[in-house]
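# Geometric and topological summary
Residues per chain, in single letters:
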Amino acid sequence: MGPPLRPNQCRSRLGAPPSLPAVCGRVARNPGLQVGMAAFAATAGRLLGLRAAGTEGRLLRLRGAGLQWALLQPASATGDAAQRRQVAHFTFQPDPEPQEYGQTQKMNLFQAITSALDNSLAKDPTAVIFGEDVAFGGVFRCTVGLRDKYGKDRVFNTPLCEQGIVGFGIGIAVTGATAIAEIQFADYIFPAFDQIVNEAAKYRYRSGDLFNCGSLTIRAPWGCVGHGALYHSQSPEAFFAHCPGIKVVVPRSPFQAKGLLLSCIEDKNPCIFFEPKILYRAAVEQVPVEPYHIPLSQAEVIQEGSDVTLVAWGTQVHVMREVASMAQEKLGVSCEVIDLKTILPWDMDTVCKSVIKTGRLLISHEAPLTGGFASEISSTVQEECFLNLEAPISRVCGYDTPFPHIFEPFYIPDKWKCYDALRKMINY
Amino acid sequence: MRKMLAAVSRVLSGVAQKPASRVLVASRNFANDATFEIKKCDLHRLEEGPPVTTVLTREDGLKYYRMMQTVRRMELKADQLYKQKIIRGFCHLCDGQEACCVGLEAGINPTDHLITAYRAHGFTFTRGLSVREILAELTGRRGGCAKGKGGSMHMYAKNFYGGNGIVGAQVPLGAGIALACKYNGKDEVCLTLYGDGAANQGQIFEAYNMAALWKLPCIFICENNRYGMGTSVERAAASTDYYKRGDFIPGLRVDGMDILCVREATRFAAAYCRSGKGPILMELQTYRYHGHSMSDPGVSYRTREEIQEVRSKSDPIMLLKDRMVNSNLASVEELKEIDVEVRGANQWIKFKSIS
């Protein structure tokens, strides 16, 4: 198991497998570890970073040759909670301030959502917002102030009944009013699955366009958040991608979120808008105050490159950006990063055009590998671009398990896993 | 870290092993038992309800007191640990609702079954797990009852099916367990708990229908603590008479802050189910002092005065203590000694210096 640890070395054993503190001890004494240990040590460091929360150690992170470890200092009487807070697996990278939409304001993701909803309710007198706890502002503050501004008959709470919420929303939409339903967490959307798939998606089709519920938009917080465990971290976009008749959209930033949400609300099809909850506060950008639209089903090449195409959506886009810079720095590989934005219907042309140029494709998402949306992209790209591919398409995704509680750092497709997969593709 | 956890659990769980009679109180003769009057339950589709008087023995009284105090202490400790970020994720505490978990357990056998939602630490304890296992699970350690993989919301034990995160999803499961009880023919019942918020979920009504149709030995229990997260019952439910919501299922409304009332009602309900008459519904009117979870201060949708009032007038531990002291089942000093044992003053000092 390794040499016993001295008190001033890795003191945190919270949740860590037995070998981890021992590894940390060795790592702490031997800074010159080979790159081969990098991924494990980095994970160890990050896990210790996580688990150090609650110990009386001051967390000191050493950076060397791209490696990231944690070395705990001797205990002080009172630790600083902020330093002990877990390290996120990504760094949000804001886009430059948009010039073409007028005056902008610094907003985080939930404020951008509030702004979009505010614009919607102002412009469309039939628009209503409903869901669990939306009246006081919502558990993520996305609807703060709207009830006071627009009245309690336009922003109201529902009881705890997701199936009822969506069914009810479909009913409102069928009469022509704009229904914006909130499901409190994407993990809770499953009681409403039947309503979405069997009713909302098929209404226009089955009535021969006599009726439709196109003015329904369902919003839900989505994705991992660091401590969400099984039921506050899921990314269910793949379940809905299998359902013709609806649109599924995932933004990567506040500016994108507002534009995409407004497009969803105006779109003539029922839309599901997943909001990466880890970005609600972490993502801050300059966002236009006036309404604007970002078109759906158009992927965006946020960084051009020539050797590998990286495709992701939501939070994972920021991970991919880091992977791209790591690849450039360490391997001299130029990556093209694409934010898919709309999962259904997805922009095949942009992705295929990119793969034809680069010859390599890596897709990444937090949702489990099997049946995840990466499999759909992979299948289509190999059909369309078979002769252009230099290497098999790589998918770096969550494992095929329920989203774990304590093992989240091991589960998520972090930049090291993506970098590793990219390297294998380059060397194929 | 390991030392800290051992200290905590030793304090909290070690007490359960000491027999009550070991408490030394010099030259004082206590009564062996006492009869108490308890509140009459409101009934729905029932001719008679549980008895309005009950006998509490000294031994049982001390046992309930110790269990409730342990649950209370455990929840408060979990609160502390969460604020120190030793417990992460979600943590839903049930202090204030101790009479429900201890009272329900007192009314059933260990071979009966129980399933509940996420406010489950108290039930995990009363169903037989040690405080050490519960705290280990909360802090994500392998020694936890779910090997650290479940956390606060997913604790399981023998005949205790969790610990369920999705609101209302556990109720059809409970009906299924009741079906298995009936099928196995061992005279067991299943207690299926849910909250006032979950009472508005569609699958609850589906479970009611199936249980009544097939006469399953299922006791549906609505733990009504007046708030579904931050929404008061009046704002969420068209009918707040949760004991009547089973419609064709008979129901009773129970004072969930009085452990004797809960115990008698549970005995009554269990006897009803065991006699093959089908399901029955119990509404326990109770209260939680903490917010919905640790990220909810619990005061934005209710006043501090309200919380204070419940604490001073209806606290379950206080009610039991008063009853026992006033009827000479125990002395104040004796109960205080139990408090001290559970709290373990000296050990907590050591604990603080480690963390």
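Residues numbered from 1 in each chain as written. Chains lettered and ligands numbered in written order. Predicted model: local features only at pLDDT ≥ 70, side-chain atom pairs only at ≥ 80, totals over all residues. Heavy atoms only, no water.

As recorded in an unreviewed UniProt entry, chain B goes by Pyruvate dehydrogenase E1 component subunit alpha and comes from Felis catus. Per UniProt, chain B carries the Cofactor (unreviewed entry) text "thiamine diphosphate". One UniProt comment on chain B, placed under Function (unreviewed entry), says "The pyruvate dehydrogenase complex catalyzes the overall conversion of pyruvate to acetyl-CoA and CO(2), and thereby links the glycolytic pathway to the tricarboxylic cycle." (UniProt positions renumbered as here; feature names shortened; annotations may be inferred.)

You'll find chain A entered in an unreviewed UniProt entry as 3-methyl-2-oxobutanoate dehydrogenase (2-methylpropanoyl-transferring), with Felis catus given as the organism. Its UniProt record gives chain A a comment under Catalytic activity (unreviewed entry), which states: "N(6)-[(R)-lipoyl]-L-lysyl-[protein] + 3-methyl-2-oxobutanoate + H(+) = N(6)-[(R)-S(8)-2-methylpropanoyldihydrolipoyl]-L-lysyl-[protein] + CO2". The record held by UniProt for chain A lists under Cofactor (unreviewed entry) the comment "thiamine diphosphate".

## Points about the packing of helix α13 (residues 348-358) of chain A against helix α14 (residues 373-384) of chain A
Angle between the axes and distance between the axes: these two values describe a pair of packed helices. Residue and element names in this part refer to chain A. At their nearest, the axes of α13 and α14 sit 10 Å apart, and the two run at 60 degrees to each other. One way to sum up the angle between α13 and α14 is to call them oblique. Where α13 crosses over α14, the handedness of that crossing is right-handed. Seen from α13, the contacting residues are Met348, Val351, Cys352 and Val355; seen from α14, they are Ile377, Thr380, Val381 and Glu384. Tallied by class, residues from the contact of α13 with α14 come to 6 nonpolar, 1 polar and 1 charged. (Axes fitted to C-alpha atoms, helices over the stretch in contact; angles between N-to-C directions. Helix = DSSP H or I, 4+ residues; strand = E, 2+ residues; numbered from the N terminus. Parallel < 35°, antiparallel > 145°, perpendicular 65-115°, else oblique. Left-handed = near helix turned anticlockwise from the far one by under 90°. Contact = heavy atoms within 4.5 Å. Nonpolar A, V, L, I, M, F, W, Y, C, P; charged D, E, K, R; others polar.)

## Notes on the environment of A:Arg219
Residues and elements named next belong to chain A. Tracing the sequence through the fold places Arg219 in strand β7 (residues 216-222). Since its relative accessible area comes to 1%, Arg219 is described here as buried. C-alpha of Arg219 to C-alpha of Glu275: the two residues are 56 residues apart in sequence and 7.2 Å apart in space. The contact partners of Arg219, leaving out residues within four places of it in the chain, are Ile113, Leu117, Cys142, Thr143, Ile180, Ala181, Glu182, Ile183, Leu261, Phe273, Glu275 and Tyr280. (Buried < 20%, exposed > 50% of the residue type's maximum accessible area, 1.4 Å probe, protein only.)

## Describing the UniProt feature "domain: Dehydrogenase E1 component" (unreviewed entry) in chain B
In the numbering adopted here, UniProt assigns the feature "domain: Dehydrogenase E1 component" (unreviewed entry) to residues 67-343 of chain B. Secondary structure content for residues 67-343 of chain B is 44% helix and 11% strand, and the end C-alpha separation is 12 Å.

## Observations regarding the nonpolar core
Core analysis: the largest hydrophobic core is formed by 69 residues, its most contacted members being B:Leu104, B:Leu191, B:Ile219, B:Leu252, B:Val254, B:Ile280 and B:Met282. Those residues in contact with B:Leu252 that sit more than four places away from it in its chain are B:Cys41, B:Asp42, B:Leu43, B:Leu46, B:Pro50, B:Tyr243, B:Ala265, B:Phe268, B:Ile280, B:Leu281, B:Met282 and B:Glu283. (Core = buried A, V, L, I, M, F, W, Y, C linked by side-chain atoms within 4.5 Å.)

## Observations concerning unusual backbone geometry
Cis geometry is found at the peptide bond from A:Leu344 to A:Pro345, where omega equals -15 degrees. Mapping A:Pro345 onto the fold places it in the loop between β14 (342-344) and α13. One non-glycine residue, B:Arg226, lies in positive phi territory at about 75 degrees. Its location among the elements puts B:Arg226 in the loop between β6 (218-224) and β7 (227-228). Overall, the relative accessible area of 36% leaves B:Arg226 in the partly exposed class. Not every positive phi belongs to a glycine, and B:Met229 is a case in point at roughly 60 degrees. Accessibility expressed as a relative area gives 22% for B:Met229, which makes it partly exposed.

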